[in-house]
Amino acid sequence: MLAIEAAGLGKRYGQVTALAGLDLAVRPGEVYGYLGPNGAGKTTTIRLLLGLQRPTSGGARVFGIDAWRDAARAHRRVAYVASEPALWPNLTVIETLELLSRLRGGVDTTYRDELLERFRLEPDRRVRALSRGNRQKVQLVAALATRAELLLLDEPTTGLDPLMQLEFRQCVHEARERGQTVFLSSHVLSEVEAVCDRVGILRDGRLVDEGALNELRHLRARVLEVTFGTESPTLPALPGTRTVRSGPRSLRIEVSGDVGPVLQELAKHPVATLTAREPTLEEIFLHHYDTRHG
Amino acid sequence: MDSWRVAVSLARATLRETRVRDSAFAAFFAAVAYVVAASYDSVFPTVSDRLAFARTFGSNEVVRLFVGKPYDLLTSGGYTAWRFGGFAAIVAASWGAVASVRALRGAEDRGTVELVLAQPVARRDVFAAFLVALGAGCALLWAASVLGLVAAGLPLGGSAFLALATVSPALPLAATGAIASQTAANRRIAAELTAAVVAGSTLLRAVADTVSATGWLRWLTPLGWAEEARAFAGARPGPLVLSLAASCGGLALAWLLWRARDVGQGAIRGSEEARARTFLLRSSARYAVREHSGSLAVWAAGTALFGVVLGMVAASFDAQALSEGLRRRLAEIAGTSLDSPEGAVSYYFLTLALALAIFACQQIGAIRREETEGRLATVLALPIARTRWFAERLALAALASAGLAVLFGACIWVGVEVRAGGVGLGEALAGAVNTLPVAFLFLALAALLVAVAPRIASGASYGFVLAAFTVQLLAALADVPKWVADLSPFAHLALVPAQPFATTESAVLLACASGLALVALAGFRRRDVERG
């Protein structure tokens, strides 16, 4: 049985199509990255999977349970983190966690206490006094402590500092080792790269690409910015690279695949500086997905 | 002058957002002013009618309670000043309270004020914009009232003064709302504090107008100032100057607080840390009780206070002073015999019905805010069924209404007992519980709005109550066709204990309420939960 199964799942708001005929199959135990720019339909998908919104076409099942018709039953096996933390301002952190746990019917309190430590939350602070990032952490702790079979995470690291983002990734790894399924929506490529087994790419309400990370090589492309002590040399054409002369003494090399051969080639020349960065999601969308539906 | 332009454009934005509500209020003022003024000649065609009416009501505390003290009932102007002015002043006060809390705190809690202040806009400009919008709103209500009065044939000068007096409580209550907005921790608390002041003013005026030797209390409330202006009965501008001066003082204080406090936080701040208290966290319904316990306590205290005071007023009613003919006329107007504590108490249960209808709207507003603030999605992502969540919240609201009704019944009995006695506890409780079908109908209607038209639900539910009460008020005054009068659920309320319990009407009201509630639940089950 699939953890998430969507068939022709669609949502229209009047004339606006938020999601068009999504087919999705996420296997139990998988960490699935759901990648797309703002407004692509990521949140709509998750809200449809939670039965908070009614599909205008198709349908979705969570562990074989209809996401719309039988939402409450499906949610026994699901935990959710919203992109905007919406909590009760007057409760303290621990009261919030207690309320959410009781509404759910119990969580692993030992693990919850451990998570409170790891995410450095002060349990007696009132929610209204918390920063956005800290409120996000409250949601994360509440969801992770459930040890639910499926975690639906909607841009969960928004507002978290880099240290906490690392902690979050660690938690996802642990969840995966325990056999939990994770559905992680994000617009941050490196985050998805770091934790996901498989990636779906959403654009304008459509899934434009899907596969394991090593199948989607262009997602793993690196951009090397190289400057030389002398005039920049002409490099031989290597498979999977694209070289642009970005100045009289500099080159910009896009590498999709291993960078080893490029480095070996560069070693023959007087390299002054070398920086490598990942392409931005915008660059990837521009180069790889723009023409398909543009 | 740049600053002025900024303020005006901000005020325009505010007015654009509130145009539906403001137009509804303006229409209400114009319509009631017109109907009351125009109906005088047809209801009291002869001088002897007028004299009889004036004599009766000159000493009738029961009717005064709602519409204040009359100064001249022999002219259509004086009559209108009492009948329209007395009631509309309370509506104006409520408008001022709502408008000010919305402008000064509602926008802030939504985060838009931060956005505005991040522009080259000073705090001064934001406050000036509020004043401009407030002034424009008051002017609109004033103009609408003048229009209604003049259209009914009253002289322009007197109408302008009456309208001024009637709208005048809006300003001091807006000032109160402004101060509450600066001090309270959030919009809800600010709104509740201001509502308490409106209710308190109404009660104070009611006591001043009905209990002898307490007339001086009138000078403690903006509603009393409006009454003391005595439009069409030897008009006195003094009290209105007092009202304006008090408003300016209040607004100045609000400005000083606004200049000094942190955006997004009240001047009086609660602690940001607390020891965990885990009572009433076991289910979403129980948590709702915990979250709203403060607001429920305020409602309970207000209900109890009103109950005792109304009971005392009812008991002090002296029937012996009235002739048989006048008693009959009174009975015609009130819909029941008012010449005994029992009759008066029965009439007062109409107030309870109105209060419970407003309570229902407020509860629905709170339910709706769970959704707009995103917490509903948080809860419904847990293994909690939607229908159940909504049904529980509606049941809680119904239960709380029932509790308030019983409390009111018991307290009105206490009030009567303190003075003279004459109403049994059982009768008082029966009269109170008798209002519940109407309260439930308004609750179900508001629930239906949440299910099918969520964006307008909160405002429209209050609109229904106001419209129903206006129809009820007009039906008592003018020759309104019966089917129009029957549109108001209040019209189907038997005045228990003076009248026998209306089994059929109550059953029909309950059936309608249950039917609407079921449709509401089904509708809520089928629609999208909105994003916070």
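Because the structure is predicted, anything quoted here is derived from the model rather than measured.

Trainee: Please clarify how the overall build of chain B should be interpreted in this entry.
Mentor: If you tally the helices and strands in chain B, you get 23 helices and zero strands. Here chain B has a C-alpha radius of gyration of 23 Å; the compact-globule value for 532 residues is 24 Å, and the two agree. When the 532 residues of chain B are sorted by exposure, 51% land in the buried category. Contacts in chain B between residues far apart in sequence, at least 24 positions, make up 76% of those at least 6 positions apart.

Trainee: What's the story with the domain arrangement of chain A in this structure? I'm lost.
Mentor: How big an interface is tends to be expressed through the accessible area that disappears when the partners come together. Per the domain assignment, the segments of chain A are domain 1 (4–217) and domain 2 (222–277). Taking only C-alpha atoms, the centre of domain 1 of chain A and the centre of domain 2 of chain A are 39 Å apart.

Trainee: What exactly am I supposed to notice about the pairing of strand β13 (residues 250–255) of chain A here?
Mentor: Successive residues of a regular strand alternate their side chains across the two faces of the sheet. Residue and element names in this part refer to chain A. Burial along β13 is one-sided: L251, I253 and V255 are buried, while S250, R252 and E254, pointing the other way, are not. Two strands pair when backbone bridges link them, and strand β11 (residues 222–228) and β13 are joined in this way by six bridges, in the antiparallel orientation. Residue pairing for β13: E225 is matched across the bridge by R252. Sheet analysis places strand β12 (residues 241–247) next to β13, joined by six bridges and oriented antiparallel. Bridging across to β13, R245 finds its partner in L251. Hairpin connection between β12 and β13: a loop of two residues separates the two successive antiparallel strands.

Trainee: Looking at this structure, I do not really get the sheet that holds strand β9 (residues 198–203) of chain A. What am I missing?
Mentor: Each strand in a sheet pairs with another by means of backbone hydrogen bonds, the pair being arranged parallel or else antiparallel. Residues and elements named next belong to chain A. Strands sit in the order β6-β7-β8-β3-β9-β10 across an open sheet of six strands; the sheet is mixed. Two strands bound the open sheet, and with one partner strand each, they are β6 (78–81) and β10 (206–212). Geometrically, the sheet is characterised by an average inter-axis angle of 15 degrees between neighbouring strands, direction not taken into account. Examined bridge by bridge, strand β3 (residues 31–35) and strand β8 (residues 181–186) share five bridges and lie parallel to one another. Counterpart to L35 in the pairing with β8 is S186. Along the sheet, helix α5 (residues 132–145) contacts β6 and β7 (150–154); its crossing angle with β6, the most-contacted strand, is approximately 170 degrees. Helix α6 (residues 162–177) rests against β3, β7 and β8 of the sheet, and its axis sits at about 150 degrees to β8.

Cut-offs applied
Residues numbered from 1 in each chain as written. Chains lettered and ligands numbered in written order. Predicted model: local features only at pLDDT ≥ 70, side-chain atom pairs only at ≥ 80, totals over all residues. Helix = DSSP H or I, 4+ residues; strand = E, 2+ residues; numbered from the N terminus. Rg over C-alpha atoms; globule rule 2.2 N^0.38 Å. Buried ≥ 20, exposed ≤ 12 C-beta atoms within 10 Å, placed from the backbone. Contact = placed C-beta atoms within 7 Å. Domains from an automatic or database assignment. Pairing = 2+ DSSP bridges. Axes fitted to C-alpha atoms, helices over the stretch in contact; angles between N-to-C directions.

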